[in-house]
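Tertiary structure, described
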Amino acid sequence: MRVTLDLMVDTLKAAAESSRLRILALISRGDLTVSDLTEILNQSQPRVSRHLKLLLEAGLIERYQEGSWAFFRLSDDDATRDFVHGLVSRVHDGDPQIERDLERLAGVKRKRQERAASYFSRNAASWDQIRSLHAPDRAVEAALLKLVGKRPFQSMLDLGTGTGRLLELFAPLYRRGVGIDMSREMLTVARANLDKAGVSNAQVRQGDIFAPPVERDAFDLVTMHQVLHYLDDPATGIREAARLLRPSGRLVIVDFAPHALEFLREEHAHIRLGFSDRQIAEWFAEAGLDLEETLEFEPRATPDAKLTVKLWLGRDRRLLIADPAQGAEQRETA
(Lines give C-alpha, C1' and ligand atoms only; values in the text may rest on other atoms or scores of the structure.)
Protein backbone atom coordinates (compact mmCIF):
# COMPACT_ATOMS: atom_id res chain seq x y z
CA MET A 1 0.00 0.00 0.00
CA ARG A 2 1.36 3.42 -1.00
CA VAL A 3 0.59 6.56 1.04
CA THR A 4 0.96 10.29 0.49
CA LEU A 5 4.12 12.09 1.56
CA ASP A 6 2.28 14.06 4.26
CA LEU A 7 0.73 10.91 5.73
CA MET A 8 4.09 9.17 5.82
CA VAL A 9 5.66 12.15 7.60
CA ASP A 10 2.82 12.19 10.18
CA THR A 11 3.21 8.45 10.75
CA LEU A 12 6.95 8.73 11.23
CA LYS A 13 6.47 11.65 13.64
CA ALA A 14 4.06 9.57 15.72
CA ALA A 15 6.59 6.76 16.05
CA ALA A 16 9.69 8.95 16.36
CA GLU A 17 9.70 9.34 20.14
CA SER A 18 11.43 6.97 22.53
CA SER A 19 8.42 6.13 24.73
CA ARG A 20 6.13 5.60 21.74
CA LEU A 21 8.70 3.43 20.00
CA ARG A 22 9.01 1.41 23.21
CA ILE A 23 5.21 1.03 23.27
CA LEU A 24 5.23 -0.22 19.68
CA ALA A 25 7.99 -2.69 20.51
CA LEU A 26 5.93 -3.99 23.45
CA ILE A 27 2.57 -4.17 21.65
CA SER A 28 4.20 -5.96 18.73
CA ARG A 29 4.75 -8.81 21.21
CA GLY A 30 1.10 -8.98 22.33
CA ASP A 31 -1.95 -6.95 23.35
CA LEU A 32 -1.55 -4.83 26.49
CA THR A 33 -3.67 -2.59 28.70
CA VAL A 34 -2.84 0.92 29.88
CA SER A 35 -2.11 -0.53 33.32
CA ASP A 36 0.30 -3.05 31.78
CA LEU A 37 2.14 -0.31 29.90
CA THR A 38 2.20 1.99 32.93
CA GLU A 39 3.82 -0.77 34.96
CA ILE A 40 6.34 -1.68 32.25
CA LEU A 41 7.33 1.85 31.23
CA ASN A 42 7.28 3.17 34.83
CA GLN A 43 5.38 6.23 33.66
CA SER A 44 2.18 7.89 34.83
CA GLN A 45 -1.11 6.77 33.35
CA PRO A 46 -1.89 10.21 31.79
CA ARG A 47 1.50 10.21 30.06
CA VAL A 48 1.07 6.69 28.72
CA SER A 49 -2.48 7.50 27.60
CA ARG A 50 -1.17 10.55 25.71
CA HIS A 51 1.36 8.43 23.83
CA LEU A 52 -1.32 5.87 23.02
CA LYS A 53 -3.64 8.60 21.73
CA LEU A 54 -0.99 9.81 19.27
CA LEU A 55 -0.29 6.28 18.06
CA LEU A 56 -4.04 5.70 17.66
CA GLU A 57 -4.47 8.91 15.66
CA ALA A 58 -1.62 7.83 13.38
CA GLY A 59 -3.36 4.49 12.77
CA LEU A 60 -0.41 2.46 14.08
CA ILE A 61 -2.39 0.79 16.88
CA GLU A 62 -6.02 0.02 17.69
CA ARG A 63 -8.02 -0.04 20.91
CA TYR A 64 -10.71 -2.53 21.94
CA GLN A 65 -12.81 -2.91 25.04
CA GLU A 66 -13.06 -6.13 27.06
CA GLY A 67 -15.43 -5.57 29.95
CA SER A 68 -13.95 -2.75 32.01
CA TRP A 69 -10.49 -3.28 30.47
CA ALA A 70 -9.22 -1.54 27.35
CA PHE A 71 -6.58 -3.38 25.33
CA PHE A 72 -4.27 -1.98 22.68
CA ARG A 73 -2.99 -3.96 19.69
CA LEU A 74 -1.17 -3.28 16.44
CA SER A 75 -3.33 -2.15 13.56
CA ASP A 76 -5.13 -4.89 11.63
CA ASP A 77 -3.93 -3.33 8.37
CA ASP A 78 -1.23 -5.60 6.92
CA ALA A 79 0.85 -2.77 5.48
CA THR A 80 0.80 -0.87 8.79
CA ARG A 81 1.78 -3.99 10.74
CA ASP A 82 4.68 -4.61 8.35
CA PHE A 83 5.75 -0.98 8.79
CA VAL A 84 5.72 -1.25 12.61
CA HIS A 85 7.50 -4.61 12.62
CA GLY A 86 10.11 -3.11 10.30
CA LEU A 87 10.71 -0.26 12.75
CA VAL A 88 10.89 -2.27 15.96
CA SER A 89 13.01 -5.02 14.40
CA ARG A 90 15.76 -2.44 13.96
CA VAL A 91 15.88 -1.69 17.69
CA HIS A 92 18.36 -4.07 19.29
CA ASP A 93 16.95 -6.23 22.11
CA GLY A 94 20.22 -5.65 23.91
CA ASP A 95 19.48 -1.94 24.31
CA PRO A 96 19.41 -1.33 28.11
CA GLN A 97 15.98 0.34 28.03
CA ILE A 98 14.45 -2.34 25.81
CA GLU A 99 15.98 -5.05 28.01
CA ARG A 100 14.31 -3.58 31.09
CA ASP A 101 10.99 -3.26 29.22
CA LEU A 102 11.13 -6.89 28.13
CA GLU A 103 11.93 -8.04 31.67
CA ARG A 104 8.88 -6.17 32.99
CA LEU A 105 6.79 -7.49 30.10
CA ALA A 106 7.78 -11.01 31.15
CA GLY A 107 6.53 -10.18 34.65
CA VAL A 108 3.17 -9.00 33.30
CA LYS A 109 2.85 -12.21 31.29
CA ARG A 110 3.70 -14.33 34.35
CA LYS A 111 0.78 -12.73 36.19
CA ARG A 112 -1.49 -13.66 33.30
CA GLN A 113 -0.30 -17.24 33.45
CA GLU A 114 -0.95 -17.37 37.19
CA ARG A 115 -4.54 -16.15 36.65
CA ALA A 116 -4.95 -18.70 33.86
CA ALA A 117 -3.63 -21.52 36.04
CA SER A 118 -6.08 -20.56 38.78
CA TYR A 119 -9.02 -20.66 36.36
CA PHE A 120 -7.87 -24.01 34.97
CA SER A 121 -7.61 -25.54 38.43
CA ARG A 122 -11.20 -24.53 39.21
CA ASN A 123 -12.57 -26.05 35.99
CA ALA A 124 -10.18 -28.90 35.19
CA ALA A 125 -12.44 -31.66 36.52
CA SER A 126 -15.32 -30.62 34.28
CA TRP A 127 -13.17 -30.48 31.14
CA ASP A 128 -11.42 -33.74 31.93
CA GLN A 129 -14.77 -35.49 32.27
CA ILE A 130 -15.78 -34.51 28.73
CA ARG A 131 -12.33 -35.28 27.28
CA SER A 132 -12.54 -38.82 28.64
CA LEU A 133 -15.62 -39.44 26.49
CA HIS A 134 -14.07 -38.88 23.07
CA ALA A 135 -10.95 -39.36 20.95
CA PRO A 136 -7.68 -37.84 22.22
CA ASP A 137 -7.16 -34.20 21.25
CA ARG A 138 -3.81 -35.00 19.63
CA ALA A 139 -5.49 -37.25 17.05
CA VAL A 140 -7.85 -34.47 16.02
CA GLU A 141 -5.03 -31.91 15.93
CA ALA A 142 -2.91 -34.14 13.71
CA ALA A 143 -5.83 -34.46 11.30
CA LEU A 144 -6.38 -30.71 11.32
CA LEU A 145 -2.76 -30.03 10.42
CA LYS A 146 -2.88 -32.57 7.59
CA LEU A 147 -6.17 -31.22 6.28
CA VAL A 148 -5.14 -27.57 6.25
CA GLY A 149 -1.77 -28.40 4.71
CA LYS A 150 1.66 -26.81 4.95
CA ARG A 151 1.18 -23.87 2.62
CA PRO A 152 1.40 -20.50 4.45
CA PHE A 153 -1.59 -18.17 4.31
CA GLN A 154 -2.40 -14.61 5.29
CA SER A 155 -4.97 -14.72 8.08
CA MET A 156 -6.84 -17.04 10.47
CA LEU A 157 -9.85 -16.49 12.73
CA ASP A 158 -10.73 -18.88 15.57
CA LEU A 159 -14.33 -18.39 16.72
CA GLY A 160 -14.86 -19.45 20.33
CA THR A 161 -11.11 -19.69 20.76
CA GLY A 162 -11.22 -20.99 24.34
CA THR A 163 -7.66 -21.78 25.39
CA GLY A 164 -6.24 -20.47 22.09
CA ARG A 165 -4.97 -23.94 21.16
CA LEU A 166 -5.83 -23.71 17.45
CA LEU A 167 -4.14 -20.32 17.16
CA GLU A 168 -1.05 -21.94 18.65
CA LEU A 169 -1.34 -25.00 16.40
CA PHE A 170 -1.50 -23.04 13.14
CA ALA A 171 0.80 -20.14 14.16
CA PRO A 172 3.65 -21.26 11.84
CA LEU A 173 1.30 -20.99 8.83
CA TYR A 174 -0.53 -17.66 9.16
CA ARG A 175 0.79 -14.09 9.19
CA ARG A 176 -2.04 -12.81 11.40
CA GLY A 177 -4.30 -14.77 13.73
CA VAL A 178 -7.34 -13.60 15.71
CA GLY A 179 -9.31 -15.48 18.36
CA ILE A 180 -12.80 -14.48 19.54
CA ASP A 181 -14.43 -15.58 22.79
CA MET A 182 -17.16 -14.20 25.05
CA SER A 183 -15.47 -15.33 28.27
CA ARG A 184 -12.91 -12.99 29.77
CA GLU A 185 -11.60 -15.87 31.87
CA MET A 186 -10.95 -17.96 28.75
CA LEU A 187 -9.28 -14.99 27.05
CA THR A 188 -6.94 -14.77 30.04
CA VAL A 189 -6.12 -18.45 29.55
CA ALA A 190 -5.62 -17.98 25.80
CA ARG A 191 -3.30 -15.00 26.21
CA ALA A 192 -1.23 -16.87 28.79
CA ASN A 193 -0.97 -19.93 26.52
CA LEU A 194 0.02 -17.87 23.47
CA ASP A 195 2.60 -15.98 25.53
CA LYS A 196 4.03 -19.24 26.87
CA ALA A 197 4.22 -20.70 23.35
CA GLY A 198 5.95 -17.59 22.00
CA VAL A 199 3.15 -16.85 19.52
CA SER A 200 3.37 -13.14 18.67
CA ASN A 201 1.40 -13.12 15.40
CA ALA A 202 -1.97 -13.81 17.07
CA GLN A 203 -4.29 -11.86 19.33
CA VAL A 204 -7.54 -12.63 21.12
CA ARG A 205 -10.57 -10.41 21.65
CA GLN A 206 -13.83 -10.52 23.51
CA GLY A 207 -16.78 -10.78 21.17
CA ASP A 208 -19.95 -12.54 20.10
CA ILE A 209 -19.70 -15.28 17.47
CA PHE A 210 -22.89 -13.94 15.87
CA ALA A 211 -21.39 -10.44 15.56
CA PRO A 212 -17.60 -10.87 15.74
CA PRO A 213 -15.54 -7.66 16.01
CA VAL A 214 -13.57 -8.33 12.82
CA GLU A 215 -13.84 -7.34 9.17
CA ARG A 216 -15.74 -9.47 6.66
CA ASP A 217 -14.16 -11.15 3.61
CA ALA A 218 -10.82 -11.04 5.41
CA PHE A 219 -9.76 -14.54 6.50
CA ASP A 220 -8.28 -17.48 4.63
CA LEU A 221 -9.12 -19.92 7.43
CA VAL A 222 -11.93 -19.75 10.01
CA THR A 223 -12.20 -22.42 12.70
CA MET A 224 -14.96 -23.40 15.15
CA HIS A 225 -13.62 -26.05 17.50
CA GLN A 226 -16.17 -27.60 19.89
CA VAL A 227 -18.30 -24.46 19.67
CA LEU A 228 -21.34 -25.32 17.57
CA HIS A 229 -23.07 -27.42 20.25
CA TYR A 230 -23.25 -24.36 22.54
CA LEU A 231 -25.18 -22.29 19.97
CA ASP A 232 -28.97 -22.05 19.97
CA ASP A 233 -28.83 -21.22 16.24
CA PRO A 234 -25.92 -23.13 14.65
CA ALA A 235 -27.05 -22.33 11.09
CA THR A 236 -26.72 -18.60 11.73
CA GLY A 237 -23.34 -19.17 13.38
CA ILE A 238 -22.11 -20.92 10.23
CA ARG A 239 -23.50 -18.21 7.95
CA GLU A 240 -21.76 -15.51 9.99
CA ALA A 241 -18.50 -17.48 9.90
CA ALA A 242 -18.80 -17.88 6.12
CA ARG A 243 -19.19 -14.10 5.66
CA LEU A 244 -15.76 -13.63 7.22
CA LEU A 245 -14.00 -15.78 4.61
CA ARG A 246 -12.05 -14.46 1.68
CA PRO A 247 -13.02 -15.91 -1.72
CA SER A 248 -11.96 -19.58 -1.73
CA GLY A 249 -11.32 -19.41 2.02
CA ARG A 250 -11.96 -22.41 4.26
CA LEU A 251 -14.19 -23.01 7.29
CA VAL A 252 -13.27 -25.92 9.58
CA ILE A 253 -15.75 -27.16 12.19
CA VAL A 254 -14.90 -29.73 14.85
CA ASP A 255 -17.80 -31.03 16.94
CA PHE A 256 -19.68 -34.18 17.92
CA ALA A 257 -21.73 -36.61 15.88
CA PRO A 258 -25.33 -37.08 17.14
CA HIS A 259 -25.41 -38.66 20.60
CA ALA A 260 -27.77 -39.19 23.53
CA LEU A 261 -25.70 -37.95 26.51
CA GLU A 262 -28.33 -35.72 28.11
CA PHE A 263 -26.09 -34.89 31.08
CA LEU A 264 -23.98 -32.71 28.75
CA ARG A 265 -27.04 -30.56 28.24
CA GLU A 266 -27.95 -30.49 31.92
CA GLU A 267 -24.47 -30.14 33.46
CA HIS A 268 -22.29 -28.59 30.76
CA ALA A 269 -24.64 -26.22 28.89
CA HIS A 270 -24.59 -28.15 25.60
CA ILE A 271 -27.64 -26.97 23.66
CA ARG A 272 -27.28 -29.39 20.73
CA LEU A 273 -26.42 -33.08 21.14
CA GLY A 274 -24.23 -33.41 18.06
CA PHE A 275 -24.70 -32.91 14.32
CA SER A 276 -25.19 -35.15 11.31
CA ASP A 277 -23.20 -34.89 8.08
CA ARG A 278 -26.41 -34.08 6.22
CA GLN A 279 -27.27 -31.21 8.56
CA ILE A 280 -23.81 -29.66 8.27
CA ALA A 281 -23.85 -30.07 4.47
CA GLU A 282 -27.20 -28.24 4.29
CA TRP A 283 -26.01 -25.40 6.50
CA PHE A 284 -22.80 -25.10 4.48
CA ALA A 285 -24.79 -24.91 1.24
CA GLU A 286 -27.06 -22.21 2.67
CA ALA A 287 -23.93 -20.24 3.64
CA GLY A 288 -22.37 -20.49 0.17
CA LEU A 289 -19.84 -23.16 1.11
CA ASP A 290 -18.99 -26.48 -0.51
CA LEU A 291 -18.46 -29.39 1.89
CA GLU A 292 -15.07 -30.71 0.78
CA GLU A 293 -14.10 -33.15 3.52
CA THR A 294 -15.61 -35.04 6.43
CA LEU A 295 -13.56 -36.96 8.98
CA GLU A 296 -14.65 -39.07 11.93
CA PHE A 297 -12.80 -39.97 15.14
CA GLU A 298 -14.06 -42.89 17.18
CA PRO A 299 -14.15 -42.48 20.98
CA ARG A 300 -11.52 -43.93 23.25
CA ALA A 301 -11.61 -47.68 23.82
CA THR A 302 -13.18 -47.38 27.27
CA PRO A 303 -16.71 -48.30 28.45
CA ASP A 304 -17.73 -44.70 29.21
CA ALA A 305 -16.39 -43.16 25.99
CA LYS A 306 -19.48 -42.50 23.85
CA LEU A 307 -18.73 -39.34 21.87
CA THR A 308 -17.65 -39.50 18.23
CA VAL A 309 -15.79 -36.38 17.11
CA LYS A 310 -16.46 -35.11 13.59
CA LEU A 311 -14.48 -32.70 11.44
CA TRP A 312 -16.08 -30.86 8.52
CA LEU A 313 -14.20 -28.70 5.99
CA GLY A 314 -16.11 -26.21 3.84
CA ARG A 315 -14.79 -23.86 1.18
CA ASP A 316 -16.13 -20.52 -0.02
CA ARG A 317 -17.44 -20.94 -3.57
CA ARG A 318 -16.15 -17.60 -4.80
CA LEU A 319 -12.94 -17.60 -6.81
CA LEU A 320 -10.11 -15.16 -6.17
CA ILE A 321 -10.57 -12.41 -8.75
CA ALA A 322 -7.06 -11.02 -8.43
CA ASP A 323 -5.46 -14.41 -9.04
CA PRO A 324 -7.82 -16.85 -10.77
CA ALA A 325 -5.24 -19.64 -10.60
CA GLN A 326 -4.82 -19.37 -6.85
CA GLY A 327 -8.18 -20.92 -6.04
CA ALA A 328 -7.37 -24.01 -8.07
CA GLU A 329 -3.85 -24.11 -6.72
CA GLN A 330 -5.11 -23.99 -3.13
CA ARG A 331 -7.48 -26.88 -3.84
CA GLU A 332 -4.62 -28.96 -5.23
CA THR A 333 -2.22 -28.30 -2.35
CA ALA A 334 -4.70 -28.38 0.54
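Reference entry: report on the structure contained in this document. Note that this is a predicted model, so its numbers are computed, not measured.

A few words on the packing of aromatic side chains. This model, assessed by the stated rule, comprises 2 aromatic pairs. Note on Tyr-64 and Phe-71: the rings are 5.6 Å apart at their centroids and 15° apart in plane angle, and the pair reads as stacked. Relative to Trp-283, the ring of Phe-275 has its centre 5.9 Å away and its plane inclined at 65°; by these criteria the two rings are edge-to-face. Of the two residues examined, Phe-275 and Trp-283, each falls in the buried class. Sitting over the face of the ring of Phe-71, Arg-191 holds its NZ or CZ atom 3.9 Å from the ring centroid.

So, about the packing of helix H2 (residues 18–27) against helix H4 (residues 45–57). When two helices pack together, their arrangement is given by the angle between the helix axes and the distance between those axes. In contact at an axis separation of 10 Å, H2 and H4 are set at 75° when each is read in the N-to-C sense. Classified by the angle their axes make, H2 and H4 are roughly perpendicular. Side by side, H2 and H4 meet where Ser-19, Arg-20, Ile-23, Leu-24 and Ile-27 of the first sit next to Arg-47, His-51, Leu-52, Leu-54 and Leu-55 of the second. Residues belonging to the contact of H2 with H4 are distributed by class as follows: 6 nonpolar, 2 polar and 2 charged.

Taken together, 7 strands build an open sheet; the order of strands is E6-E5-E4-E7-E8-E10-E9 and the sheet is mixed. The open sheet is flanked by strand E6 (202–206) and strand E9 (289–297), the only strands paired with a single partner. Sheet twist, expressed as the average angle between the axes of neighbouring strands with direction ignored, equals 15°. Note: strand E4 (residues 153–159) against strand E7 (residues 219–225), 3 bridges, orientation parallel. Within E7, the residue paired with Asp-158 across the bridge is Thr-223. Contacts between helix H5 (residues 78–88) and the sheet are confined to E4, strand E5 (174–181), E6 and strand E8 (245–256), with E5 contributing the most and set at about 110° to the helix. Packed on one face of the sheet, helix H10 (residues 234–243) meets E4, E7, E8, E9 and strand E10 (309–316) and runs near 145° to E8.

How each quantity is defined
Residues numbered from 1 in each chain as written. Predicted model: local features only at pLDDT ≥ 70, side-chain atom pairs only at ≥ 80, totals over all residues. Heavy atoms only, no water. Phe/Tyr/Trp six-rings, centres within 6.5 Å; stacked < 30°, edge-to-face > 60°. Buried < 20%, exposed > 50% of the residue type's maximum accessible area, 1.4 Å probe, protein only. Lys NZ or Arg CZ within 6 Å of the ring centre and 35° of its normal. Axes fitted to C-alpha atoms, helices over the stretch in contact; angles between N-to-C directions. Helix = DSSP H or I, 4+ residues; strand = E, 2+ residues; numbered from the N terminus. Parallel < 35°, antiparallel > 145°, perpendicular 65-115°, else oblique. Contact = heavy atoms within 4.5 Å. Nonpolar A, V, L, I, M, F, W, Y, C, P; charged D, E, K, R; others polar. Pairing = 2+ DSSP bridges.

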